[in-house]
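Structural overview
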Amino acid sequence: MSSLCHTSAVLVFFVALAVGVGAQQSNERSCDVIGDESSESQMERALLKKLEPLSQMRFNVTVEKGKTENYVYHFRVCREVNSTLHDFGGLVQTDRQNGKTTVIGRINETQVFNGSDWIMLIYKGGDSYGRHCSGEKRRAVIMISCKRGVTASSFSIISEEREKEQECFYLFEMDSNVACPAEDSHLSVGSILLITFASLIAVYIIGGFLYQRLVVGAKGMEQFPHFAFWQDLGNLVADGCDFVCRSKPRNAPAAYRGVGDDQLGEESEERDDHLLPM
């Protein structure tokens, strides 16, 4: 009885844990495009939906520059890096020397657009710069390039542009198949026509066979639809090939001749005279 109770308690614990994890995932905040919801374009909504397969993944990259800079960048696609902080941080920098975290960009100030084989995701509204860029808020630009067969890989930082007065940004890149355009069908018009023709022939043969066998009651080769027609057609084709492909004229003389009377010559009438009665 005690073992049964223990097993039931374990099952209840795991069920509760699964429900809690599912509820936490469902309550996670997602990308909010800059501007009113009514001003969001269909293209932006479509791109955000296209990025959904990456939303449950986490990406990290470490950058070391001498002894003064040693950072780790944490990135999530349209999700908060640390949902317990409720700071909308979609890309966060952590200083490995002192543990200080800096939000580079927030998912509630998102911009997204694309090209033929790339998607540009921008998080604005990060923590303010100190002495650089006139103290404006940080911004993260993530270039997602097409790479078929790969869900996500090669997340890395390209550069940090902070020597300007305004419009400073951190530039990152990664590869993913979500940025790839839909593959066009490789079937040509001829291939489509050939497949259609073969399908019609298959339907004709199978349907005709079933009709001849089940309705007409034919047996053997007679079960083939329109057997007499195709048999005659085959004979006509054979005659045509014989006529076209014959290497000798149809009226050419034979290679041998029989022995005729004209080859025997004339016999002398006097050969049998001695047999006549005298």
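Check the entry above for the structure.
Residues numbered from 1 in each chain as written. Predicted model: local features only at pLDDT ≥ 70, side-chain atom pairs only at ≥ 80, totals over all residues. Heavy atoms only, no water.

Turning our attention to the side chain of T102. Structurally, the position occupied by T102 is in strand β4 (residues 101-114). Residue T102 is classed as buried on the basis of its relative accessible area of 9%. Not counting the four nearest positions on each side in its chain, T102 is found in contact with L91, V92, Q93, D127 and R138. (Helix = DSSP H or I, 4+ residues; strand = E, 2+ residues; numbered from the N terminus. Buried < 20%, exposed > 50% of the residue type's maximum accessible area, 1.4 Å probe, protein only. Contact = heavy atoms within 4.5 Å.)

Reading across from one edge, β1-β2-β3-β4-β5-β6-β8-β7 is the order of the eight strands in this open sheet, with mixed pairing throughout. For this open sheet the edge positions go to β1 (58-65) and β7 (153-161), each flanked by a neighbour on one side alone. Each strand of the sheet is rotated relative to its neighbour by a mean of 25 degrees, with strand direction disregarded. With seven bridges joining them, β4 and strand β5 (residues 118-125) adopt antiparallel strand pairing. The partner of V112 across the bridge, within β5, is L121. Helix α2 (residues 42-50) contacts β4 and β5 of the sheet and is inclined by roughly 120 degrees relative to β4. (Pairing = 2+ DSSP bridges. Axes fitted to C-alpha atoms, helices over the stretch in contact; angles between N-to-C directions.)

The next thing to look at is the packing of aromatic side chains. Following the criterion strictly, the structure yields eleven aromatic pairs and no others. When the centroid spacing of 6.4 Å and the interplanar angle of 55 degrees are considered together, the rings of Y71 and Y73 count as tilted. Per residue, the accessibility class of Y71 equals that of Y73, and both read buried. When the ring of Y73 is compared with that of F172, the centres are 5.5 Å apart and the planes differ by 70 degrees; the resulting orientation is edge-to-face. Here Y73, found in strand β2 (residues 69-76), pairs with F172, found in strand β8 (residues 169-176); they are 99 residues apart in sequence, far enough to count as distant. Taken individually, Y73 and F172 each receive the classification buried, so the pair is uniform in this respect. Among the aromatic residues, ring-to-ring pairing joins F59, Y71, Y73, F75, Y123, Y129, F155, Y170 and F172 into one connected group. Positioned over the ring face of F88 is R29, at 4.2 Å from the centre of the ring. The side chain of R138 reaches across the aromatic face of Y129, ending 4.6 Å from its centre. (Phe/Tyr/Trp six-rings, centres within 6.5 Å; stacked < 30°, edge-to-face > 60°. Lys NZ or Arg CZ within 6 Å of the ring centre and 35° of its normal.)

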